[in-house]
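As a plain string of letters, each chain reads:
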Amino acid sequence: MNMRLKRLIMAALVATGLCTSVAVAGEVDTLVLDGSTTVGPIAKAFAEYYMAKHPGVNVTVNESGSGNGAKSLINSGCSIANMSRFMKDNEFAAAVEKGVMPVAHVVAMDGLPFLVHPSNPVKGLTVQQVRAIFSGAISNWKEVGGPDREIVVVSRDTNSGTYETFHGLVMTHDVDGEKVKEKIKDGAEYVGSNGGIRARVQSTPAAIGYAGLGFVDKTVKALEVNGVYPSGQTVTSGLYPVSRPLFMFTNGYPKLGSHIHAFVTLHLSEQGQEIVEDIGFVPVTHY
Amino acid sequence: MRLATRKLLDVSSSSLGFISIGIMGVALLVILVPIFSRGAQAFVFKGTIEHRRLLLERFERGDAAAFAEEYEAVRAARQPVYDTIATFGAAQQQTLDKMIAVLTRLSKRNDSIARLVKRRLRRISDDEPFLDNVDTVSKVLERLEGHVDSAEIAGDLALLHSGVDAMAPQVAALEELKDAVANLLGPAPGTVQPALPRRQYGATRWDRAEVRLQDLLYETLWDYSGDGMGHRVLKPRVEQFRDTPMEPLFDYVEHHAEAMLQPRWTCYWGFLFDKPLDIHIFGGILPELLGTIYLTIGAILFAVPVGIITAIYFSEYARPGRIVSFLRTCVSTLAGVPSIVFGMFGLAFFLNACHMPKGVLAGALTLSLLILPTIIRASEEAIRAVPRTYREAALSLGAGRWHTIVTVIVPAALPGILTGTVISMGRAAGETAPIIFTAAASVAAVLSFNPLQVWNQPTASLSWNIYNLCTEHEAANEIRHVQFGMVAVLVTVVLVLNLFAILLRARIARKLKG
């Protein structure tokens, strides 16, 4: 009996010993990325590519939304914040107050395709129609040339950069020279990730949602907006009306030669561009 | 009469009991059977030659010589496909060359037509995608036909027209077909190695290969002719290539798919021990497994000593009174707090207030808070269950209070304490919410096997990554087997831990009795 107890006490001692010794343990080079779920696929693919090239570096990627990415960078919780929108004034202010100087790196371009179920006969909408659908003025597909079905409106959560982009480019419009922000209708569903939007649209024939270009696959249909189909070409040329850059933010411009610098410039290399394109986004430069 | 009523009540209550047990059993089956049957597909499946190529190239496993031999046969089986495509591509290139020759001739004229042609001809080059070149030609043709002098060059126009008409529908179809072939068989020989591993290999699993074969043979279209929603139509791709040398290709692919991929039943234990490749499209779940183990053990290391000491205080030292009952209520309440609240607390306290890095230590501490109430309650109950006579006997022999607790009471209560601990381990392994902000990452390197190097590293973990792969992964539909495999592993871990708790308890109880 005594032996067992001694062992137990030993285990407890070892545990406390561990807690104290961890504080002085050796360092591994770690890059922590946090933020947008739209930039997520690019960041994840880059991370694997980078870790394969540089063994001994741990690149971790988390997808918690652009807003959380910004907060994390401000609190020095991450070294690179992935964002699908630019930083807001108040975020900049909070960052500077804490001695963090956000620097933006544009890693890719992205259109914001509107996704419907492939069985939906509607081929395209105008920006006005999309706005009307999301604000609730249009609530049935037959009003835009589709079948007689109630529209299920699916939006991203308000913490996401994709939501901000959508809100800024689609829901905000000029009325008599004044900027008016339409509110998304009350019955809309809010989903926490791009993949979640796609999953919802896949399973709901009457749904409409929006996600990053990299999330369009055969299970959903991207709509033409103002007669333009979202694709690499129409996004880079600016023809597709709902386009945006995707960012990685760092604290100051990273030191040349550092892992962070190599990582945020990876998209400029030929391989980086190929990865961006293969995932479905639009590389910043064209060869 | 009263007796009859009683009997009836008795029977109905016992049958209710049986029914509810039955429902519970069925529910368990409904949940567990798909988890394990589909999860097993991550380990045992029909692996194709591409799977073996992946293992050999990426994980250096497998018999290289045998593979080379097999691959030679596969290459021979695939060659007709590539040959057919190449022949057809060459024929198309020839047609294009002819059209370019016509355009070049036109550009040598000395009028506005030449100027019109010359400007656009510059855009055509071998470096441009074939599709774009054909597109440019058809655009020039469009312009020429609208030109005032088009009658002059009617012969040339007709030639161009027939060329464009013959090619245009098939150019895009050919590109799509090439993609479908690459999806099924991997990149064509002689093409540049793609950057992403998912494009470097064809279908590694036969079940996925069948889906991709379907994609190759049939084009999915949607028929919107009806009034309501459209419905899916599968159109054989062969129709796009009727009366061309490509026609027999589809038949060949359909009947030689197995020869080209060599599916074979494979037992892939690497799913547990390999690192993932291309964000879980290939490879195993080692980082998740290791992360879960680190987090769970970490949580136990913190929670058990604190929990047992608290339980000893509550049951042995604390005088019954308002403060103690208040504390006890607090512990009970803590046990009922939703786990996401612990997650938020962990973020606010460990990360933001204590400036700990997001990583295993912060995650383990948060998890330990979550399981602490369970451990305190289980230990306290166990200590209370120790017969009073043990204490009295120990005290009567002259042992002090502390001595009694350490040598008599805690050992006697150990079965209960350990059961509580092991069950909490299961809970800690399965929790998602507390680690979202404190430890979890969608992608992270395999943690080092040295515990001292991992404390400040964010980590993947089974619970969080199952959620992440199901909702956020850009190819979520392609990797169902990985998702189910992870779920099966997690459920197995928890079940094994619980089973272990039961066995441990039985064994220690037996020992203490004997």
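Rules and cut-offs
Residues numbered from 1 in each chain as written. Chains lettered and ligands numbered in written order. Predicted model: local features only at pLDDT ≥ 70, side-chain atom pairs only at ≥ 80, totals over all residues. Helix = DSSP H or I, 4+ residues; strand = E, 2+ residues; numbered from the N terminus. Buried ≥ 20, exposed ≤ 12 C-beta atoms within 10 Å, placed from the backbone. Contact = placed C-beta atoms within 7 Å. Pairing = 2+ DSSP bridges. Axes fitted to C-alpha atoms, helices over the stretch in contact; angles between N-to-C directions. Core = buried A, V, L, I, M, F, W, Y, C linked by C-beta atoms within 7 Å. Domains from an automatic or database assignment. Nonpolar A, V, L, I, M, F, W, Y, C, P; charged D, E, K, R; others polar. Parallel < 35°, antiparallel > 145°, perpendicular 65-115°, else oblique. Left-handed = near helix turned anticlockwise from the far one by under 90°. Right-handed = clockwise from strand over helix to strand, strands pointing away. pLDDT = per-residue confidence, 0-100. Arc of directions from axis to C-beta.

### Section: the overall build of chain A
Part 1 of the reasoning: What chain A contains, in helices and strands, is ten helices and 14 strands.
Part 2 of the reasoning: Out of the 287 residues in chain A, the part that is buried amounts to 47%.
Part 3 of the reasoning: Long-range contacts, defined as pairs at least 24 residues apart, comprise 71% of the intrachain contacts of chain A with a sequence gap of at least 6.

### Details of the sheet that holds strand β4 (residues 102-111) of chain A
Residue and element names in this part refer to chain A.
Part 1 of the reasoning: In spatial order, the strands read β2-β1-β3-β14-β4; together these five strands make up an open sheet with mixed pairing. Two strands lie at the open edges of the sheet, namely β2 (57-61) and β4, each paired on one side alone. With strand direction ignored, the average angle separating the axes of adjacent strands in the sheet is 20°.
Part 2 of the reasoning: Where strand β1 (residues 29-35) lies against β2, five bridges are found, and the strand directions are parallel. The partner of Leu 33 across the bridge, within β2, is Val 61.
Part 3 of the reasoning: Contacts between helix α2 (residues 40-53) and the sheet are confined to β1, β2, β3 (80-83) and β4, with β2 contributing the most and set at about 170° to the helix.

### Considering the nonpolar core
Part 1 of the reasoning: The biggest cluster of nonpolar side chains holds 148 residues, and the ones touching the most others in it are Ile 42, Phe 46, Ile 80, Phe 114 and Leu 115 of chain A together with Leu 295 and Ala 299 of chain B.
Part 2 of the reasoning: It is helix α14 (residues 360-384) of chain B that provides the largest number of residues to this core, a total of 15 residues.
Part 3 of the reasoning: Those residues in contact with Leu 295 of chain B, other than ones at most four positions away along the chain, are Val 360, Gly 363, Ala 364, Leu 367, Ala 428, Ile 435, Ala 439 and Ser 461 of chain B.
Part 4 of the reasoning: By size, the runner-up hydrophobic cluster in this structure holds 34 residues, among which are Val 102, Leu 106, Leu 144 and Trp 206 of chain B.

### Regarding the sheet that holds strand β7 (residues 152-156) of chain A
All names here are of chain A.
Part 1 of the reasoning: What the five strands build is an open sheet, ordered β10-β7-β11-β5-β12; its pairing is mixed. Of all the strands in the sheet, the pair left with one neighbour each is β10 (189-191) and β12 (221-222).
Part 2 of the reasoning: Of the pairings in the sheet, the one linking β7 to strand β11 (residues 207-210) comprises two bridges and is parallel in character. Counterpart to Val 152 in the pairing with β11 is Ala 207.
Part 3 of the reasoning: In this fold helix α7 (residues 194-203) packs onto β5 (114-116), β7, β10 and β11, with an angle of close to 165° to the strand it touches most, β11.

### Some remarks on unusual backbone geometry
Part 1 of the reasoning: Phi at Ser 76 of chain A takes a positive value of approximately 55°, unusual for a residue other than glycine.
Part 2 of the reasoning: By the secondary structure assignment, Ser 76 of chain A is in the loop between α3 (66-74) and β3.
Part 3 of the reasoning: A positive phi angle, near 50°, is found at Glu 60 of chain B, a position not held by glycine.
Part 4 of the reasoning: You can see Glu 60 of chain B is positioned in the loop between α2 (49-59) and α3 (64-107).

### A few points about the domain arrangement of chain B
Residues and elements named next belong to chain B.
Part 1 of the reasoning: Domain boundaries assigned for chain B yield domain 1 (47-61 + 200-264), domain 2 (78-197) and domain 3 (282-513).
Part 2 of the reasoning: Centre-to-centre separation of domain 1 and domain 2, based on C-alpha positions: 26 Å.
Part 3 of the reasoning: If one sorts the elements of the side of domain 1 that touches domain 2 by residue count, helix α8 (residues 206-217) sits on top with five residues.
Part 4 of the reasoning: Class assignment of the residues belonging to the side of domain 1 that touches domain 2 gives a composition of twelve nonpolar, four polar and four charged.

### Some points on the packing of helix α6 (residues 154-185) of chain B against α8 of chain B
Residues and elements named next belong to chain B.
Part 1 of the reasoning: Here α6 crosses α8 at 165°, and the two axes come no closer than 9 Å. The angle between the axes of α6 and α8 places the two elements in the roughly antiparallel class. Crossing hand, α6 versus α8: left-handed. In contact with Ala 180, Val 181, Asn 183 and Leu 184 of α6, α8 contributes Ala 209, Arg 212, Leu 213, Asp 215 and Leu 216.
Part 2 of the reasoning: A class-by-class count of the residues in the contact of α6 with α8 yields six nonpolar, one polar and two charged.

### Notes on the interface of chain B and chain A
Part 1 of the reasoning: Of the residues lining the interface, 41 residues belong to chain B; the matching set on chain A comes to 48 residues.
Part 2 of the reasoning: Each residue belonging to the side of chain B that touches chain A can be placed in one class, and the counts come to 23 nonpolar, twelve polar and six charged.

### Digging into the domain arrangement of chain A
Residue and element names in this part refer to chain A.
Part 1 of the reasoning: Each domain of chain A was delimited in the assignment, giving domain 1 (3-109 + 245-278) and domain 2 (113-241).
Part 2 of the reasoning: In this structure, domain 1 and domain 2 have C-alpha centres spaced 31 Å apart.
Part 3 of the reasoning: The dominant element in the side of domain 1 that touches domain 2, judged by the number of residues it contributes, is α3, at three residues.
Part 4 of the reasoning: A breakdown of the residues in the side of domain 1 that touches domain 2 according to their chemical character gives three nonpolar, eight polar and two charged.

### Section: the pairing of β2 of chain A
For a regular strand, the rule is simple: side chains alternate between the two faces of the sheet.
Part 1 of the reasoning: Counting buried positions over the five residues of β2 of chain A gives four, a clear majority of the element.
Part 2 of the reasoning: Following the backbone out of β1 of chain A, through α2 of chain A and into the adjacent parallel β2 of chain A, one traces a crossover that is right-handed.

### Some details on the environment of His 117 of chain A
Part 1 of the reasoning: Within the fold, His 117 of chain A resides in the loop between β5 and β6 (124-125).
Part 2 of the reasoning: Sequence separation between His 117 of chain A and Met 171 of chain A is 54 residues, and the spatial gap between their C-alpha atoms is 22 Å.

### A closer look at the confidence of the model for chain A
Residues shown with low pLDDT carry predicted positions that ought not to be read at fine detail.
Part 1 of the reasoning: Residues at a pLDDT of 70 or more form 90% of chain A, whose mean pLDDT is 87.
Part 2 of the reasoning: Overall, residues 17-27 of chain A carries pLDDT values under 50, and its contacts beyond four positions in sequence, including any with other chains, amount to ten contacts.

### Let's talk about helix α10 (residues 270-279) of chain A
Residue and element names in this part refer to chain A.
Part 1 of the reasoning: Looking only at α10, the buried set comprises Gly 272, Gln 273, Ile 275, Val 276 and Ile 279. All buried residues of α10 lie within an arc of 160° about the axis, which places them on one face of the element.
Part 2 of the reasoning: As for α10, its buried residues are in contact with α2 and β4.
Part 3 of the reasoning: Of the residues one or two after α10, Gly 280 is the one with positive phi, at around 120°.

### A closer look at the environment of Val 117 of chain B
Residue and element names in this part refer to chain B.
Part 1 of the reasoning: For Val 117, the location among the structural elements is in helix α4 (residues 112-121).
Part 2 of the reasoning: Residue classification places Val 117 among the buried residues on the basis of 23 C-beta atoms within 10 Å.
Part 3 of the reasoning: Placed 348 residues apart in sequence, Val 117 and Asn 465 show a C-alpha to C-alpha distance of 57 Å.

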